[in-house]
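Chain by chain, the residues run as shown.
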Amino acid sequence: MTASLDGEIRDGRHQMRVRVYFEDTDSGQIVYHANFLRFMERGRTNYLRLLGTNQRALLQEARNDAPGFTFVVRSMTIDFLKPAVLDDVLDVVTLPQEVRGASITLLQECRRAGDLLVTARVRVAFISGGKAQRIPMALRLAMEDHR
């Protein structure tokens, strides 16, 4: 798979690059901690985008199986190890760890070259109608194929 704006999936890992802009930093030009959550959200979103050759069809099939579905972050454990600063280029890595009935657990990292800056373990739940639902088969198979 070639690198794109959405990153790439290689060896079961989704990787994408993010440049740190002034808007991402505090007055000391250090990335504000909550912005790492935004970078990781982009990583998860782009990972899902790249899972299927036709994401719209994949999502439509999920809508047919579970109308009004959405993914929500159920829990997150995060460790901030080192800061990132203005103009850094970060690698956001997303690695699916476990696909269960109604949830998926992902490991995520933000790196700068060889430096590990932030790690997170994220559990995302699939809900429809306000209740946890099994992840539709098309989406489950796409996620499991890339693990």
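Let me begin by describing the structure that accompanies this report. Owing to the predicted nature of the structure, the values given are computational and were not obtained by experimental measurement.

Cut-offs applied
- Residues numbered from 1 in each chain as written.
- Predicted model: local features only at pLDDT ≥ 70, side-chain atom pairs only at ≥ 80, totals over all residues.
- Heavy atoms only, no water.
- Core = buried A, V, L, I, M, F, W, Y, C linked by side-chain atoms within 4.5 Å.
- Buried < 20%, exposed > 50% of the residue type's maximum accessible area, 1.4 Å probe, protein only.
- Helix = DSSP H or I, 4+ residues; strand = E, 2+ residues; numbered from the N terminus.
- Contact = heavy atoms within 4.5 Å.
- Phe/Tyr/Trp six-rings, centres within 6.5 Å; stacked < 30°, edge-to-face > 60°.

What follows deals with the nonpolar core. Considering soluble globular proteins, one finds that nonpolar side chains tend to be buried as a cluster. Ranked by size, the top nonpolar core spans 29 residues in total, and within it Phe36, Phe39, Met40, Ala84, Leu90, Val92 and Met143 carry the most contacts. Within the residue set of this core, elements represented by two or more residues are strand 2 (13–19), helix 1 (33–51), strand 4 (89–99), strand 5 (103–112), strand 6 (115–128) and helix 3 (137–145). Discounting chain neighbours no more than four positions away, the residues touching leucine 90 are Met16, Arg17, Val18, Val20, Phe36, Phe39, Ala84, Arg111, Arg112 and Leu117.

On to the packing of aromatic side chains, then. Summed over the entire model, instances satisfying the criterion amount to three aromatic pairs. When the ring of phenylalanine 36 is compared with that of phenylalanine 39, the centres are 6.0 Å apart and the planes differ by 85 degrees; the resulting orientation is edge-to-face. You can see phenylalanine 36 and its partner phenylalanine 39 sitting in helix 1, three residues apart, about one turn around the helix. You'll find phenylalanine 36 and phenylalanine 39 in the same group, each marked buried. Geometrically, the ring pair formed by phenylalanine 71 and phenylalanine 126 is edge-to-face, given 5.4 Å between the ring centres and 70 degrees between the ring planes. Residue phenylalanine 71 is found in strand 3 (residues 70–80), and its partner phenylalanine 126 is found in strand 6; the two are separated by 55 residues along the sequence. Feature note: the residues Phe36, Phe39 and Phe80 constitute an aromatic cluster, connected by ring pairs.

Here aspartate 11, not a glycine, exhibits a phi torsion of approximately 55 degrees, which is positive. With respect to the element layout, aspartate 11 can be found in the loop between strand 1 (8–10) and strand 2. Phi is positive for aspartate 87, close to 75 degrees, though the residue is something other than glycine. Within the secondary structure, aspartate 87 is located in the loop between strand 3 and strand 4.

These results come straight from atomic positions and should not be treated as a statement about function.
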